[in-house]
Amino acid sequence: MALIPCPECGNQVSTQAVTCPSCGSPVNGNRVPPAAGSAREPMVNAGLLGKVAAVVGAWLVVPWIVRLLAFIAGIVMLGVMFMSAR
Ligand SMILES: [Zn+2]
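To keep things clear, this report deals only with the structure shown in the data block. In this text, all values refer to a predicted model and were calculated from it rather than measured experimentally.

Before going further, it helps to spend a moment on the overall build of the protein chain. From N to C terminus, the protein chain includes one helix and two strands. Once local pairs closer than 6 in sequence are excluded, the contacts in the protein chain between residues at least 24 apart make up 2%. With an accessible surface of roughly 7100 Å², the protein chain has 72% of that area assigned to carbon and sulfur atoms.

Here you go:
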């Protein structure tokens, strides 16, 4: 485990550390936690995608609910016909 100087404050930081414990600056550029900084614009896109996914999901699911209800109704009608045939 080696120590490297922080690019921001010069504090000796472990190479295992993602950010400097003194100033919070990212030490290794390729290991910056994803929550730091660049997560704001994708949040907006994720919200929009969530709405689109909900609408598309509803369009995909509602016909199956209708088919399921029609299937159940058909079984009930067949049952009624079978019972009334006796
Ligand atoms: Zn630092």
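Turning our eyes to something else, we now look at the packing of aromatic side chains. According to the stated counting rule, one finds zero aromatic pairs in the structure shown. The positively charged end of Arg67 is found above the aromatic ring belonging to Trp64, 4.6 Å away from the centroid.

Our focus in this paragraph is the coordination of the zinc ion. Those donors, Cys6 (SG), Cys9 (SG), Cys20 (SG) and Cys23 (SG), are the protein atoms that reach the zinc ion, and they lie 2.3 Å from it. One can describe the site at the zinc ion as tetrahedral: its four donor atoms subtend angles covering 106 to 115° at the metal. Taken in sequence order, the residues that donate to the zinc ion follow the motif C-x2-C-x10-C-x2-C. Residue classification places Cys20 among the buried positions, given a relative accessible area of 2%.

Inspection of the secondary structure assignment puts Ser14 in strand E2 (residues 12–14). Assessed through its relative accessible area of 14%, Ser14 is described here as buried.

Attention now moves to a nonpolar patch on the surface. A cluster of nonpolar side chains, namely Leu48, Val52, Val56, Leu60, Val61, Ile65 and Leu69, defines an oily patch on the protein surface of about 650 Å² accessible area. The topology assignment puts Ile65 in helix H1 (residues 40–85).

Here is what the cut-offs are and how they apply
- Residues numbered from 1 in each chain as written.
- Predicted model: local features only at pLDDT ≥ 70, side-chain atom pairs only at ≥ 80, totals over all residues.
- Heavy atoms only, no water.
- Helix = DSSP H or I, 4+ residues; strand = E, 2+ residues; numbered from the N terminus.
- Contact = heavy atoms within 4.5 Å.
- Areas by Shrake-Rupley, 256 points an atom, 1.4 Å probe, with all protein chains shown as cover.
- Phe/Tyr/Trp six-rings, centres within 6.5 Å; stacked < 30°, edge-to-face > 60°.
- Lys NZ or Arg CZ within 6 Å of the ring centre and 35° of its normal.
- Donors = N, O, S within 2.8 Å, 3.2 Å for Na, K, Ca; no water.
- Tetrahedral: all angles 85-135°; square planar, octahedral: opposite > 155°, others 65-115°.
- Buried < 20%, exposed > 50% of the residue type's maximum accessible area, 1.4 Å probe, protein only.
- Patch = residues over 30% accessible without salt bridge, like charges linked within 9 Å, V, L, I, M, F, W, Y side chains within 5 Å.
- Salt bridge = Lys/Arg side-chain N within 4 Å of Asp/Glu carboxyl O.

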